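Listed here are the chains, written in short residue letters.
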Amino acid sequence: MKLRVKTINFETGNTKDVVINKKDAQELGQKAGERVYIKSIKATSLENKYWVAIIQIDYSNSIVKPGEIGIFIDILREKKELIDGAVISVKPADPPDSFRFIKKKINGKKLSSEEINSIIADAVSGSLSKIDLAAFITSVSINGMDNEEMTALTLSEVRSGDVFYFGMDVYDKHSTGGVPGNKVSLIIVPIVAAAGLTIPKSSTRAITSPSGTADSMETLAPVAFKSDQLKEIVSKENACIIWGGALNTSPADNILIEIERPLHMDPIGLMIPSILTKKLSLGVKKLVLDIPVGQGTKFSTPDDGKQFAYIFKEIARNVGIEAECALTLAHQPIGHAIGPALEAKEALKLLMDYDAGPNSLIEKSTELAGILLEMGGKAQKGKGQTLAKEILKSGKAYEKMKKIIQAQGGNPEIKPDDIKLGPHIKEFYTTKEGHITEVNNALINQIAKAAGCPHSKSAGVELFKKQGARIKQGDLIFRIYSDSQNRLKKAEKIYNSTGGPIILGGMMIERI
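First, a word on scope: everything that follows refers to the structure included in this document. Worth saying up front: this structure is predicted, and the values here are computed from it rather than measured.

Reading the values: rules and limits
Residues numbered from 1 in each chain as written. Predicted model: local features only at pLDDT ≥ 70, side-chain atom pairs only at ≥ 80, totals over all residues. Heavy atoms only, no water. Core = buried A, V, L, I, M, F, W, Y, C linked by side-chain atoms within 4.5 Å. Buried < 20%, exposed > 50% of the residue type's maximum accessible area, 1.4 Å probe, protein only. Helix = DSSP H or I, 4+ residues; strand = E, 2+ residues; numbered from the N terminus. Contact = heavy atoms within 4.5 Å. Phe/Tyr/Trp six-rings, centres within 6.5 Å; stacked < 30°, edge-to-face > 60°. Pairing = 2+ DSSP bridges. Axes fitted to C-alpha atoms, helices over the stretch in contact; angles between N-to-C directions. Salt bridge = Lys/Arg side-chain N within 4 Å of Asp/Glu carboxyl O. Parallel < 35°, antiparallel > 145°, perpendicular 65-115°, else oblique. Left-handed = near helix turned anticlockwise from the far one by under 90°. Nonpolar A, V, L, I, M, F, W, Y, C, P; charged D, E, K, R; others polar. Expected span 1.5 Å × (residues − 1).

Some details on the nonpolar core
Right, so step 1: Counting residues in each nonpolar core, the largest one holds 52 residues, and the members touching the most others are Phe136, Leu230, Leu276, Phe308 and Phe312.
Right, so step 2: Top contributing element to this core by residue count: helix α12 (residues 268-281), with six residues.
Right, so step 3: Among all residues touching Leu230, those that are not within four sequence positions of it are Phe164, Phe166, Phe225, Cys240, Ile242, Leu247 and Leu282.

Side note on the packing of aromatic side chains
Aromatic ring pairs: the centre-centre distance and the angle between the two ring planes describe each pair.
Right, so step 1: Enumeration according to the criterion identifies seven aromatic pairs in this entry.
Right, so step 2: An angle of 25° between the planes, with centres 3.7 Å apart, marks the rings of Phe428 and Tyr495 as stacked. Of this pair, Phe428 sits in strand β13 (residues 424-429) while Tyr495 sits in helix α19 (residues 485-498), and the two are 67 residues apart along the sequence.
Right, so step 3: Under the relative-accessibility criterion, Phe428 is labelled buried at 7%.
Right, so step 4: In this structure Tyr495 comes out as buried when scored by relative accessible area, which is 8%.

Observations regarding the sheet that holds strand β4 (residues 50-58)
Sheet strands associate in pairs through backbone hydrogen bonding, adopting either a parallel or an antiparallel arrangement.
Right, so step 1: If you trace the six strands once around the closed barrel, you get β1-β5-β2-β4-β3-β6, paired in mixed fashion. Looking at each pair of strands side by side, their axes are set apart by 45° on average, direction ignored.
Right, so step 2: Of the pairings in the sheet, the one linking strand β3 (residues 35-40) to strand β6 (residues 87-92) comprises five bridges and is antiparallel in character. Looking at the pairing, Lys39 lines up with Ser89 of β6.

Regarding the side chain of Asn445
Right, so step 1: Positionally, Asn445 belongs in helix α18 (residues 441-451).
Right, so step 2: Ignoring anything within four residues of it in the chain, the contact list for Asn445 reads Pro180 and Pro210.

Quick word on the environment of Glu413
Right, so step 1: Position of Glu413 among the secondary structure elements: in the loop between α17 (396-407) and β13.
Right, so step 2: Exposure remark for Glu413: the relative accessible area of 41% places this residue in the partly exposed category.
Right, so step 3: Along the sequence, Glu413 and Lys403 sit 10 residues apart, while their C-alpha atoms lie 9.8 Å from each other.
Right, so step 4: Apart from the residues within four sequence positions on either side, Glu413 is in contact with Lys402 and Asp418.

A short note on the pattern of salt bridges
Right, so step 1: Counted according to the given criterion, the structure contains 29 salt bridges.
Right, so step 2: For Arg35, the salt bridge identified is with Asp132, shortest N-O distance 2.2 Å. Of the two residues, Arg35 is situated in strand β3 and Asp132 in helix α6 (residues 130-143); the sequence distance between them amounts to 97 residues. Across this residue pair, the class does not change: Arg35 and Asp132 are buried.
Right, so step 3: Taking the shortest distance from any N to any O, the salt bridge between Lys105 and Glu149 comes out at 3.0 Å. Here Glu149 lies in helix α7 (residues 147-159) and Lys105 lies in helix α4 (residues 97-106), a separation of 44 residues in the sequence.
Right, so step 4: When salt bridges with common partners are traced through the structure, they connect Arg205, Asp215, Glu218 and Lys457 into a single cluster.

Describing the side chain of Asp253
Right, so step 1: By the element assignment, Asp253 lies in helix α11 (residues 251-263).
Right, so step 2: Classification of Asp253 as buried rests on a relative accessible area of 1%.

Some points on the sheet that holds strand β10 (residues 286-293)
Right, so step 1: On the basis of which strands lie adjacent, the open sheet formed by three strands has the order β7-β10-β11 and parallel pairing. Only two strands of the sheet have a single neighbouring strand rather than two, namely β7 (171-175) and β11 (322-329). Neighbour-to-neighbour, the strand axes of the sheet open up by a mean angle of 20°, direction not taken into account.
Right, so step 2: Of the pairings in the sheet, the one linking β10 to β11 comprises eight bridges and is parallel in character. Looking at β11, one finds that Val288 is bridged to Glu324.
Right, so step 3: Against the sheet, helix α15 (residues 359-375) makes contact with β7, β10 and β11, and its axis sits at roughly 150° relative to β10, the strand it touches most.

A look at the packing of α11 against α12
Right, so step 1: Where α11 contacts α12, the two axes come as close as 11 Å, and the packing angle between them is 140°. In terms of orientation, α11 and α12 fall into the oblique class. The way α11 lies across α12 gives a crossing that is left-handed. Contact residues: Asp253, Asn254, Ile257 and Glu260 in α11; Leu270, Ser274 and Lys278 in α12.
Right, so step 2: Across the contact of α11 with α12, the residue classes break down as two nonpolar, two polar and three charged.

Some points on unusual backbone geometry
Right, so step 1: Going from Gly357 to Pro358, the amide bond is cis rather than trans, its omega being -5°.
Right, so step 2: You can see Pro358 is positioned in the loop between α14 (340-352) and α15.
Right, so step 3: Residue Pro454 is bonded to the preceding Cys453 through a cis peptide linkage, with omega at -5°.
Right, so step 4: Relative to the elements of secondary structure, Pro454 occurs in the loop between α18 and β15 (460-463).
Right, so step 5: Residue Asn61 is not a glycine yet carries a positive backbone phi of 70°.
Right, so step 6: Topologically, Asn61 is positioned in the loop between β4 and β5 (68-72).
Right, so step 7: Positioned with a positive phi, His264 is a non-glycine residue whose angle comes to about 55°.

Describing the pairing of strand β8 (residues 199-203)
Right, so step 1: Among the five residues that make up β8, five are buried, leaving the element largely enclosed by the rest of the structure.
Right, so step 2: Taking every second residue as pointing to the same face, both faces of β8 are buried, with Ile199, Lys201 and Ser203 on one and Pro200 and Ser202 on the other.
Right, so step 3: When β8 meets strand β9 (residues 239-243), the two strands line up parallel, connected through five bridges. Paired with Ser203 across the strands is Trp243, a residue of β9.

Details of α12
Right, so step 1: The end-to-end C-alpha separation of α12 is 20 Å, in line with the 20 Å expected for 14 residues at 1.5 Å each.
Right, so step 2: Most of α12 sits out of view: 12 of its 14 residues are buried.
Right, so step 3: Taken residue by residue, α12 has Gly269, Leu270, Met271, Ile272, Pro273, Ser274, Ile275, Leu276, Thr277, Lys279, Leu280 and Ser281 as its buried positions.
Right, so step 4: Within two residues after α12, Gly283 carries a phi angle of roughly 75°, on the positive side.

Here it is, written out as structure tokens:
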């Protein structure tokens with residue numbers, strides 16, 4: 001079948017999608033998501049002349065009419081010989097070999113390195129549809145991956161994109177997540193860099209939490225950089241705190257994450273390669289992994305976290321990374337601030353003044369930074385946290401953070417009070433006395449996101465009292481910030497309907 005190209009002025013992010021009319025799809029015997037083989041008659045290069053696309057179908061006749069094929073602008077940028085109005089040949093195509101390997105995994109069989117390489121290559125090229133990749137993710141979630149498969153997948157994902165080299169010894173910290181207010185990277189990076197170690201911190205934006213490290217850092221300085229800009233920042237300050245999405249590092253992992261998100265799946269067989277791929281892409285050789293343990297995290301018990309840690313360390317060793325894991329408490333937020341601007345403000349206060357606390361942020365940040373200082377030979381084993389606290393107290397970490405902010409294009413003299421918070425505020429006070437027996441992390445996240453986090457940097461919540469604190473009637477315990485009156489009302493409604501995330505009680509558990 002011959003069809004005429006019609007430009008569609010949209011980017012899809014998948015450079016293999018095309019749109020044909022329902023009548024042409026019926027004639028071809030193809031359904032949405034199936035593959036077609038395209039021959040660009042006038043193209044001269046083989047890459048542009050023959051290629052495989054995944055079809056989407058227009059049932060309205062408004063996007064493409066019979067006899068037309070809609071090509072998105074990201075494809076036209078890639079295939080410069082393909083122009084609007086050109087005639088191309090279209091016929092059904094068989095699934096790639098990698099589709100057979102996905103079916104093999106669905107049947108519970110082990111994949112070889114070559115089969116994994118094929119799946120990743122076709123995922124990046126666009127030859128596998130989202131349905132194919134969803135099937136792959138589901139098969140891994142059900143059947144798992146052994147250590148050899150995870151090692152192969154990690155290395156294959158690294159090869160799919162750019163890899164940086166910042167020297168022989170490069171350090172990093174990562175968290176498996178699940179704790180509100182976990183802004184520790186904003187403290188760890190300047191401590192470690194101030195000690196003379198190289199730590200190029202690349203983070204994702206928040207997906208399910210109120211804020212990610214990149215979201216908070218963005219209230220202090222830009223976080224999106226191209227490769228040459230990143231190299232300049234790290235060579236100057238031996239550190240950065242950036243958003244990894246602007247780089248061409250591990251596009252394969254990004255593609256899988258985009259499918260995992262709506263599926264609400266994050267199987268260990270994909271999680272471990274995902275973490276290690278990002279680190280390898282930035283040349284990391286030594287890593288500390290924070291594994292929060294408790295309700296609302298990926299690991300509900302210490303035994304679950306410990307089992308994961310052993311597997312993670314082995315895969316890391318296989319791909320050339322020395323990793324240490326720290327199981328950490330996750331029963332309540334780190335610090336008192338949740339939300340991009342609030343977390344940046346709290347971190348900056350601590351960097352400027354050690355006595356400003358809060359204690360949970362000091363302890364967790366310096367414990368993890370201390371492990372990296374020990375791994376880097378800056379402190380003897382067991383003495384790393386002491387050195388980390390000295391660097392933080394001395395102001396050296398703050399001075400390094402100012403230099404990182406400046407190198408990334410921010411104002412190095414920014415002060416906590418310069419950080420703008422949502423103008424719409426609601427405060428909550430206690431109506432009775434007692435001790436705080438529990439803090440509901442999931443509810444805190446829900447309220448913060450209802451207020452506008454993470455998309456609104458100025459939205460968030462402050463928690464004034466935490467577990468174990470004595471509360472008097474009329475004490476301020478919770479505050480919500482939002483940039484929208486409507487969103488503030490939604491967040492307030494959640495608080496009032498649930499009684500809030502702070503649970504009070506006396507010392508008695510039950511009267512029998």
